[in-house]
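A closer look at the structure
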Amino acid sequence: EKYRVAILGATGAVGTRMIQQLEQSTIPVGEIRLLASARSAGKTLSFNGKSIVVEEARPESFDGIDLVLASAGGSNSARLLPEAVKRGAVCVDNTSYFRMNDQVPLVVPEVNEKDLAWHHGIIANPNCSTIQMVMALEPVRQKYGLTRVIVSTYQAAGGAGQSAIDELETESQAYLNRDSEKVTPAILPVKGDTHHYQLAFNLLPQIDVFEADGYTHEEWKMIHETKKIMLGDKNSPEIKVTATCVRVPVSVGHGESVWFEVADQQKPTIAQLHQSMAAFPGLVVVDDPASQLYPQPKTAEGRRETFVGRVRPDLETPGAYNLWIVADNLLKGAAWNSVQIAERLVADDLVRVPEGSAALFATE
Ligand code: 11C
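Bear in mind that the values here come from a model prediction, so they are computed numbers and not experimental data.

Turning next to the site of the ligand. Inspection of the region around the ligand gives 13 residues, with R99, N127, E218, K221 and R247 positioned closest. At 2.7 Å from an oxygen atom of the ligand is found a side-chain nitrogen or oxygen belonging to R99. A distance of 2.5 Å separates an oxygen atom of the ligand from a polar atom in the side chain of K221. When the ligand sits alone it has 320 Å² of accessible area, and the protein chains cover 83% of it.

A cluster of nonpolar side chains, namely Y175, L176 and F201, defines an oily patch on the protein surface of about 330 Å² accessible area. Within the secondary structure layout, L176 lies in helix 5 (residues 162-176). Judged by relative accessible area, L176 falls into the exposed class, the value being 55%.

Moving on, we get to the pairing of strand 2 (residues 29-36). Two faces, one strand: in a regular strand the side chains alternate between the faces of the sheet. Counting buried positions over the eight residues of strand 2 gives six, a clear majority of the element. Bridge count between strand 1 (residues 3-8) and strand 2: six bridges; the pairing is parallel. The partner of A6 across the bridge, within strand 2, is R33. With helix 1 (residues 13-23) bridging strand 1 and the parallel strand 2, this β-α-β connection has right-handed handedness. Of the strand pairs in this sheet, strand 2 and strand 5 (residues 55-56) are connected by two bridges, and their pairing is parallel. Residue pairing across strands places L35 opposite E55, the latter belonging to strand 5.

This brings us to the sheet that holds strand 14 (residues 320-327). Within the open sheet, the six strands sit side by side as 10-9-11-14-13-12. Their pairing is mixed. Each having just a single partner strand, strand 10 (240-247) and strand 12 (283-285) make up the two edges of the open sheet. Direction aside, neighbouring strands of the sheet carry axes that sit 20 degrees apart on average. By the bridge criterion, three bridges tie strand 12 to strand 13 (residues 306-313) in an arrangement that is parallel. Opposite V285, over in strand 13, you have V308 as the bridge partner. Along the sheet, helix 4 (residues 128-144) contacts strand 9 (146-155), strand 10, strand 11 (254-262), strand 12, strand 13 and strand 14; its crossing angle with strand 11, the most-contacted strand, is approximately 25 degrees.

In summary, soluble globular proteins display a tendency toward joint burial of nonpolar side chains. In terms of nonpolar packing, the biggest core is built from 55 residues, with V68, M133, V149, V258 and F260 touching the most fellow members. With eight residues, helix 4 is the largest single contributor of residues to this core. Not counting residues up to four positions away in its chain, the partners in contact with M133 are V149, V151, M222, T226, V241, E256, V258 and I325. V14, I19, L34 and I341 belong to the second-largest nonpolar core, a separate cluster that totals 38 residues.

With an omega dihedral of 5 degrees, the bond running from L188 to P189 counts as a cis peptide bond. Looking at where P189 falls in the secondary structure, it is placed in the loop between helix 5 and helix 6 (217-231). In the Ramachandran plot, R178 falls in the positive-phi region, its phi being about 55 degrees despite a non-glycine side chain. Along the chain, the position of R178 falls in the loop between helix 5 and helix 6. Its identity as a non-glycine residue notwithstanding, D208 has a phi of 70 degrees, on the positive side. Within the fold, D208 resides in the loop between helix 5 and helix 6. Looking at D208, the relative accessible area reads 22%, which means it is partly exposed.

Taking 1.5 Å of rise per residue, 15 residues should cover 21 Å, and helix 6 covers 21 Å from first to last C-alpha, within 8% of that figure. Within helix 6, twelve of the 15 residues are buried, leaving the element largely enclosed by the surrounding structure. By the burial criterion, the buried members of helix 6 are E218, E219, K221, M222, I223, H224, E225, T226, K227, K228, I229 and M230. The inward-facing, buried residues of helix 6 contact helix 3 (109-112), helix 4, strand 9, strand 10 and strand 11. Looking at the residues trailing helix 6, positive phi occurs at G232, about 80 degrees.

Parameters and conventions
Residues numbered from 1 in each chain as written. Predicted model: local features only at pLDDT ≥ 70, side-chain atom pairs only at ≥ 80, totals over all residues. Heavy atoms only, no water. Near = heavy atom within 4 Å. Polar contact = N/O pair within 3.5 Å; in protein donor to acceptor, adjacent residues only side chain to side chain. Areas by Shrake-Rupley, 256 points an atom, 1.4 Å probe, with all protein chains shown as cover. Patch = residues over 30% accessible without salt bridge, like charges linked within 9 Å, V, L, I, M, F, W, Y side chains within 5 Å. Salt bridge = Lys/Arg side-chain N within 4 Å of Asp/Glu carboxyl O. Helix = DSSP H or I, 4+ residues; strand = E, 2+ residues; numbered from the N terminus. Buried < 20%, exposed > 50% of the residue type's maximum accessible area, 1.4 Å probe, protein only. Pairing = 2+ DSSP bridges. Right-handed = clockwise from strand over helix to strand, strands pointing away. Axes fitted to C-alpha atoms, helices over the stretch in contact; angles between N-to-C directions. Contact = heavy atoms within 4.5 Å. Core = buried A, V, L, I, M, F, W, Y, C linked by side-chain atoms within 4.5 Å. Expected span 1.5 Å × (residues − 1).

Remember, this is a structural readout, not a statement about activity or role.
Below, the structure written as structure tokens:
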């Protein structure tokens, strides 16, 4: 059986990588439809060596499609994915729009592939920084239990799209040329927010908009998505999570410093933690301080795996540990995780929309 696949947001930083990941996937693709905004319609992109013209995404674009991979922003997913489901297509959505919907599984295949079984036509791909954190902590949770997590992120510009990478490069060039007039931030920290700040040679402790409680929405996502993925309940008190998210002047590859506490009375040694992590699919331990080996965005770029290192005990709190995680935020954090979900849907014979699903997402 061959699958007819549509990519919504095909021209973006994630969309172009979805195309590459799909080319390299195990999914037999019979037909590909590349969809984007009216502005990008008419561009050509290649899939498996064939030129494909990008079309403007409309509800009818999903006629005859089996699988949709979406990364065109929350409002486009909100508007178009219910139309795709209505037409019988199963959608893997990389935006945050449906993530907290109780009818929508939020999936990192290595952690909770089982949740794919109850999908109703839409499966949400988590936020990039959440994905790499649950990848590193799930083997610990499975073996030793987790009670508390404190994370600080070092997030690359690419999380905010290709235009944010371009902005970082332009600013860096202007700054090095001592041409401060050409440093004119217009995107970061958040495209639609009131103020914009230079990221080049700087740090911005704001990713996404601020909530009333003083946390940013990115920090909120790390808390609630982690609970939904690991525990099946976005508000579970079982693991306490708190987060600080910071944008750093790196193009691709998020870093995370994580402090965590295990539940088990028998506190694992570092060797035992290494062993559990190394045995976890998709997770690579790079942790050899004597040889100065640790994960870095530069070496994670272009890789599907999540990398973990600097695993060490908290010297004053028994049962607590620190570690460092890096992943390509556009691959495991987005395009690869989405294609991987699609691969699992195909392998598990779940590319079908259960009856009555469309009504769950009908907006009017
Ligand atoms: C960033 N994590 O680095 C964000 C991008 O919810 O899918 C991903 C936003 C999301 O800016």
